[in-house]
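Reading the structure
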Amino acid sequence: EVQLVESGGGLVQAGGSLRLSCAASGFSLDDYAIGWFRKAPGKEREGVSSILISDGGTSYADSVKGRFTISADNAKNTVYLQMNRLKPGDTAVYYCAAGRARHSRGAYYLLSRPYDYWGQGTQVTVSS
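Everything quoted here is computed from the prediction, not taken from an experiment.

1. Things to note about the nonpolar core
Ile34, Trp36, Phe68, Val79, Leu81, Met83 and Tyr94 are the most contacted members of the largest nonpolar core, which has 30 residues in total. Membership of the second largest hydrophobic core comes to seven residues, among which are Phe37, Leu52, Tyr108 and Tyr109.

2. Some words on the pattern of salt bridges
Taken as a whole and judged by the stated rule, the model has five salt bridges. The partner of Arg67 in a salt bridge is Asp90, and the shortest N-O contact between them spans 2.7 Å. Of this pair, Arg67 sits in the loop between β6 (58-60) and β7 (68-73) while Asp90 sits in the loop between β8 (78-83) and β9 (92-100), placing them 23 residues apart in sequence. The pair Arg67 / Asp90 is uniform in exposure class, with both members buried. Through salt bridges with shared partners, a single ionic network connects Arg38, Glu46, Arg67 and Asp90.

3. As for the pairing of β8
Burial within β8 is extensive, with five of its six residues counted as buried. Relative to β8, strand β3 (residues 18-25) is paired through six bridges, and the arrangement is antiparallel. Residue pairing for β8: Ser21 is matched across the bridge by Tyr80. Direction of pairing for β7 relative to β8: antiparallel, over a ladder of six bridges. Bridge pairing in β8 links Ser71 to Tyr80. Where β7 hands over to β8, the hairpin turn is made up of four residues, of which Asn77 adopts a positive phi near 55 degrees.

So, how was this worked out
- Residues take numbers from 1 onward in each chain, read along the sequence in its written order.
- The model is predicted, so local features are restricted to residues of pLDDT at least 70 and side-chain atom pairs to those at 80 or more, both for listing and for counting; the totals for chains, interfaces and linings are taken over all residues.
- The basis for the side-chain values is all heavy atoms of the structure; hydrogens and waters are excluded.
- Working definition of a nonpolar core: buried Ala, Val, Leu, Ile, Met, Phe, Trp, Tyr and Cys residues. They are joined through side-chain atoms within 4.5 Å.
- Here's how the labels work: a residue is buried when its accessible area is under 20% of the maximum for its type, exposed when over 50%, partly exposed in between, all with a 1.4 Å probe on protein chains only.
- Whenever a carboxyl oxygen of Asp or Glu lies within 4 Å of a side-chain nitrogen of Lys or Arg, that contact is scored as a salt bridge.
- Secondary structure elements follow DSSP: runs of H or I of four or more residues count as helices, runs of E of two or more count as strands, with numbering from the N terminus.
- Strands pair, by our definition, only if DSSP identifies at least two bridges between them.

Take a look at the structure:
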């Protein structure tokens, strides 16, 4: 069974840091893209970051560039999202997603279209 499980969310003060984990099981991350998305109340789901496991290519939404870093530990079949200098606007439920990597342009993987599998999300709340 394909599963994605997010963890690492919580409550943090503005300016603080969190590291989210996306643990994949039931498949190998090889030849997949992993994306992080977030959904805040009243807002559309937003692509935050993505990584193509095979080539290591990464993409970031403009709103998080320089603050968030995505990485993968292939041996653990886990992808991380290090979030630094968090802002209240980062408050959302964060989801990871997995899909076959069929395009080379990283921006494509900030869209929902490539992804077949989704985790259940982890809440990130940033207080001011």
